[in-house]
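Results of the structural survey
Chain by chain, the residues run as shown.
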Amino acid sequence: MPIATAKSRLGGAVAAAAAAFIFAFLAMLAPLDAHAGLAEHEALVTSQLAEKVAFVDLATLKVSAELSVPGKPAGIALSPDRSRAYVTAPEAKELVVIDTENRTVLKRIATGNGPLGVAVLPGDGRIFVADWYDHRLTVIDPRSLKVIARIAVGQSPSGVAVTPDGKRVLSADRDSHQVSIIDTASLRVIKTVPVGERPFGVTIDAAGKRAYTANVKSNDVSVIDIELGETIAAVKVGRRPYAVALAQGRAFITDQYVETVSVIDLNDLKVIKKISVGAYPEGIAADKVGRFVYVACWEDNTLERIDARSLTVTGRVDVPDGPRAFGDFLR
Amino acid sequence: MLRSLTLGLLLMPLVILSAAHAHGPTRQKVTESVEINLPADKVWAAIGNFQDLNWHPAIEKTEGEGGNEPGAKRTLTLSGGANIFEELLKYDADGRLMKYIIAKVDVKVLPVNNYSSILRVEDLGDGKSKVVWKGAFYRGYMNNDPPEDLSDAAAVKAVTGVYRGGLEELKKKLEAGG
């Protein structure tokens, strides 16, 4: 996050001026965003109960298309060029490959008994699928769409994340209360890091230094130093935290049971606000420029837009039943 | 009808579950509601105390602590003697809403896992109101390929039965002036 980095290094006034200049600059470029790839223009929401993927236009906050995806879709990740979406269908025990331009299903790949979280390496595009029941990651080649490796991790891995340099994959092993760190060259677990109780979502920062897990049972977020391979802090949030998004030097956490998004200031690791959102907030993701954070509310069937600066909900759209959007769902 | 449902649940064959804490792949939701010919405040006065679910025909006894504060606990005793242990998460008297979870229940009593619920009374005007009862939960069987009585469908059916039974009885009782 270049803006956050600049802010922490410079003095207050200088930082404010610099930030203002950068924001003005971004605002100037805004009309070109869709073409320049600066900010995402579309959300792909996995609606688990409706068994659909909804395409939401982010400029108008309207559902532009719905694609039928049988098998109770849950997790999602996108190819590096955003032309494909990889959606887990746990009930079908498959990974579904979607052409995001033509909005069609290209292929369904049998992966294991409980595919859930999914992540894609930025470089070669290899796909890592967490398997909740088989306790491993399934690795899939993006060209052949064949399973090329399986990596045993802890019990019931759920969320998966990759470092921006593509060298490490992290899985949140929910029932082992740990994160496994995997080296993507050797496809081996090089370290397991104890975290809070029952980690579900895991998110890595833009610098690739820290990871954050949402711990469903201990109601906190673990902060992991990836290089050290250690948990360096825990921050209490609302009941039953599910996933984490990062923007503006802040972490945004969905608190499933209390209908809030907790906001943590990443400098001092304090909760600075709890934003009221729809019932059962689940998947959450920030756009690339850190302007907005989008959250899927499973019970209310909404996708809601949070202004990452003012920390308020500035828009919402109805989506098909049971949106989870667990993963990287903005393109 | 609800008594027989509860009894049916109690008599369900014992299923040995794995010790794992994982749950089925898909969370289920149920929403049931009933319109009552009474103002919302009156209805909320009848059901808005977390420490008293005795208006529900399947409940014999409610015991607990912590009143209506978040974190409050209650133990429900069903006709037949089984218990459900619940915890209050959120209470909004002005909005006539409470949100709570089941902290512990035997799947033979209610075939669900990770159950949370919202009970709310909406004002419809003209002296009428609507009670909405929502639940979110996983099925009773924690792994793939569940037996029929611990499937997604069984969980939805059981929770729907509990809600319908309670709401119908509540309407009858309140409108009769009970």
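Residues numbered from 1 in each chain as written. Chains lettered and ligands numbered in written order. Predicted model: local features only at pLDDT ≥ 70, side-chain atom pairs only at ≥ 80, totals over all residues.

A few words now on the overall build of chain B. A count of helical and extended segments in chain B gives three helices and seven strands. Helices and strands in chain B line up, N terminus first, as α-β-α-β-β-β-β-β-β-α. When each of the 178 residues of chain B is scored for burial, the buried share is 37%. Counting contacts in chain B only where the partners sit at least 6 residues apart, residues at least 24 apart contribute 57% of the total. (Helix = DSSP H or I, 4+ residues; strand = E, 2+ residues; numbered from the N terminus. Buried ≥ 20, exposed ≤ 12 C-beta atoms within 10 Å, placed from the backbone. Contact = placed C-beta atoms within 7 Å.)

Another point: the overall build of chain A. Helix and strand counts for chain A come out as three helices and 28 strands. Across the 331 residues of chain A, 55% fall into the buried class. The long-range fraction of contacts in chain A, counting pairs at least 24 apart against all pairs at least 6 apart in sequence, stands at 43%.

The subject of this paragraph is the confidence of the model for chain A. Residues and elements named next belong to chain A. On average, chain A scores 92 in pLDDT, and the residues at 70 or more come to 89%. Here residues 1-11 is a poorly scored stretch, pLDDT under 50, and it has 16 contacts once near neighbours within four places are set aside; other chains count. Here residues 26-36 is a poorly scored stretch, pLDDT under 50, and it has seven contacts once near neighbours within four places are set aside; other chains count. (pLDDT = per-residue confidence, 0-100.)

Moving on: the sheet that holds strand β9 (residues 127-131) of chain A. Residues and elements named next belong to chain A. Read across the sheet, four strands follow the order β8-β9-β10-β11 without closing on themselves; strand pairing throughout is antiparallel. Two strands lie at the open edges of the sheet, namely β8 (115-120) and β11 (147-152), each paired on one side alone. Each adjacent strand pair in this sheet contributes to an overall mean axis angle of 25°, direction not counted. (Pairing = 2+ DSSP bridges. Axes fitted to C-alpha atoms, helices over the stretch in contact; angles between N-to-C directions.)

Within a regular strand, side chains alternate between the sheet's two faces. Residues and elements named next belong to chain A. Where burial is concerned, most of strand β14 (residues 178-183) is hidden: five out of the six residues are buried. The sheet contact formed by strand β13 (residues 168-173) and β14 spans six bridges and is antiparallel. Among the inter-strand pairings, Ala172 is bridged to a residue of β14, identified as Val179. In textbook terms, the turn of a hairpin is the stretch between consecutive antiparallel strands, and for β13 and β14 this stretch comprises four residues, one of which, His177, has a positive phi near 50°. Between the end of β14 and the start of strand β15 (residues 188-194), which pair antiparallel, lie four residues, with Leu187 showing a positive phi angle near 55°.

This paragraph deals with the interface of chain A and chain B. Listed per partner, the contact involves 17 residues of chain A and 13 residues of chain B. Partitioned by chemical class, the residues of the side of chain A that touches chain B number seven nonpolar, five polar and five charged. (Nonpolar A, V, L, I, M, F, W, Y, C, P; charged D, E, K, R; others polar.)

This paragraph deals with the environment of Asp99 of chain A. Residue and element names in this part refer to chain A. Turning to its location among the elements, Asp99 is positioned in strand β6 (residues 94-99). Once the C-alpha coordinates of Asp99 and Tyr86 are considered, the two residues, 13 residues apart in sequence, prove to be 9.2 Å apart. Not counting the four nearest positions on each side in its chain, Asp99 is found in contact with Arg84, Thr104 and Leu106.

Another point: the sheet that holds strand β21 (residues 250-255) of chain A. Residues and elements named next belong to chain A. Read across the open sheet, the four strands follow the order β20-β21-β22-β23; overall the sheet is antiparallel. Sheet topology places β20 (241-247) and β23 (270-276) at the edges, where each strand pairs with a single neighbour. Each neighbouring strand pair of the sheet contributes to a mean axis angle of 25°, computed without reference to strand direction. Two strands pair when backbone bridges link them, and β21 and strand β22 (residues 260-265) are joined in this way by six bridges, in the antiparallel orientation. Opposite Arg250, over in β22, you have Asp265 as the bridge partner.

A word on the nonpolar core. Counting 137 residues, the largest nonpolar core has Val45, Phe252 and Val293 of chain A as the members making the most contacts within it. With nine residues, helix α3 (residues 152-175) of chain B is the single largest residue contributor to this core. When near neighbours in sequence (up to four residues on either side) are disregarded, Val45 of chain A contacts Val53, Ala54, Val56, Ala296, Leu303, Val319, Pro323, Ala325 and Phe329 of chain A. (Core = buried A, V, L, I, M, F, W, Y, C linked by C-beta atoms within 7 Å.)

Residue and element names in this part refer to chain B. Residues of helix α2 (residues 40-47) that are buried: Ala40, Val43, Trp44 and Ile47. Buried residues of α2, viewed axially, fall in a sector of 100°; they line one side. In this structure, the buried residues of α2 make contact with β1 (28-36), β6 (112-125), β7 (128-139) and α3. (Arc of directions from axis to C-beta.)

Residue and element names in this part refer to chain A. Positive phi outside glycine occurs at Arg103, with the angle close to 55°. For Arg103, the position within the fold is in the loop between β6 and β7 (104-110). What makes Arg103 partly exposed here is the crowd of 15 C-beta atoms within 10 Å. Unlike most non-glycine residues, Glu259 shows phi in positive territory, near 60°. Its location among the elements puts Glu259 in the loop between β21 and β22.

Moving on, we come to the pairing of β9 of chain A. Residues and elements named next belong to chain A. For β9, the buried fraction is high: five of the five residues fall into the buried class. Alignment of β8 against β9, held across four bridges, turns out to be antiparallel. Paired with Ala119 across the bridge in β9 is Phe128. Note that β9 and strand β10 (residues 136-140) share five bridges and pair antiparallel. Residue pairing for β10: Val129 is matched across the bridge by Thr138. What sits between β9 and β10 in their antiparallel hairpin is a turn of four residues, with His135 showing a positive phi close to 60°.

A few words on the confidence of the model for chain B. Residues and elements named next belong to chain B. Of all residues in chain B, 85% have pLDDT values of 70 or greater, and the mean over the chain is 89. In this model residues 1-5 is a low-confidence stretch, pLDDT under 50, and it forms ten contacts with partners more than four residues away in sequence or in other chains. Within the model, the stretch residues 7-20 combines pLDDT values under 50 with 19 contacts to residues more than four positions away or in other chains.

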